[in-house]
Amino acid sequence: MLGKVSDPNLQHTLSFGIGLHHAGLNPDDRGIVETLFKANRIQVLVSTSTLAWGVNLPAHLVVIKGTGTLLFLFAVCIVLYCWG
């Protein structure tokens, strides 16, 4: 499946079990990342906050970076939703 990925940086990180999910990826690459994550072929998924909402896949651990500012922008219930 790595041969189908068009982004060279994504191809490199996927070879180590790390997926990237951001608006700069083309939709096909994003779909591949989501499919691999759902199939447990990716151990780590790094995503922007806006696209993290769209992934909507179960995770064992969620890390939210920059909570000092995010907690003021997002309601507590939204942060709890992200944590699962």
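All figures in this text were calculated on a predicted structure; none of them were measured in a lab. (Residues numbered from 1 in each chain as written. Predicted model: local features only at pLDDT ≥ 70, side-chain atom pairs only at ≥ 80, totals over all residues. Heavy atoms only, no water.)

Undergrad: What exactly am I supposed to notice about a nonpolar patch on the surface here?
TA: Side chains of Phe16, Ile18, Val44 and Val46 sit close together on the surface and give an oily, nonpolar patch of about 350 Å² of accessible area. In this structure, Ile18 sits in strand β1 (residues 18-21). Residue Ile18 is classed as partly exposed on the basis of its relative accessible area of 32%. (Patch = residues over 30% accessible without salt bridge, like charges linked within 9 Å, V, L, I, M, F, W, Y side chains within 5 Å. Areas by Shrake-Rupley, 256 points an atom, 1.4 Å probe, with all protein chains shown as cover. Salt bridge = Lys/Arg side-chain N within 4 Å of Asp/Glu carboxyl O. Helix = DSSP H or I, 4+ residues; strand = E, 2+ residues; numbered from the N terminus. Buried < 20%, exposed > 50% of the residue type's maximum accessible area, 1.4 Å probe, protein only.)

Undergrad: Please explain unusual backbone geometry as it appears in this structure.
TA: Negative phi values dominate among residues other than glycine, just as trans dominates among peptide bonds. Although it is not a glycine, Asn40 adopts a positive phi angle of roughly 60°. Its place among the elements puts Asn40 in the loop between α2 (27-38) and β2 (44-47). Overall, the relative accessible area of 61% leaves Asn40 in the exposed class.

Undergrad: Where do I start with the nonpolar core in this structure?
TA: A general tendency of soluble globular proteins is for nonpolar side chains to be buried together. In terms of nonpolar packing, the biggest core is built from nine residues, these being Val5, Leu10, Leu14, Leu25, Ile32, Val33, Leu36, Phe37 and Ile42. Only α1 (8-14) and α2 provide two or more residues apiece to this core. Of all the elements, α2 adds the most residues to this core, at four residues. Leave out the neighbours within four places in its chain, and Ile32 touches Met1, Lys4 and Val5. (Core = buried A, V, L, I, M, F, W, Y, C linked by side-chain atoms within 4.5 Å. Contact = heavy atoms within 4.5 Å.)

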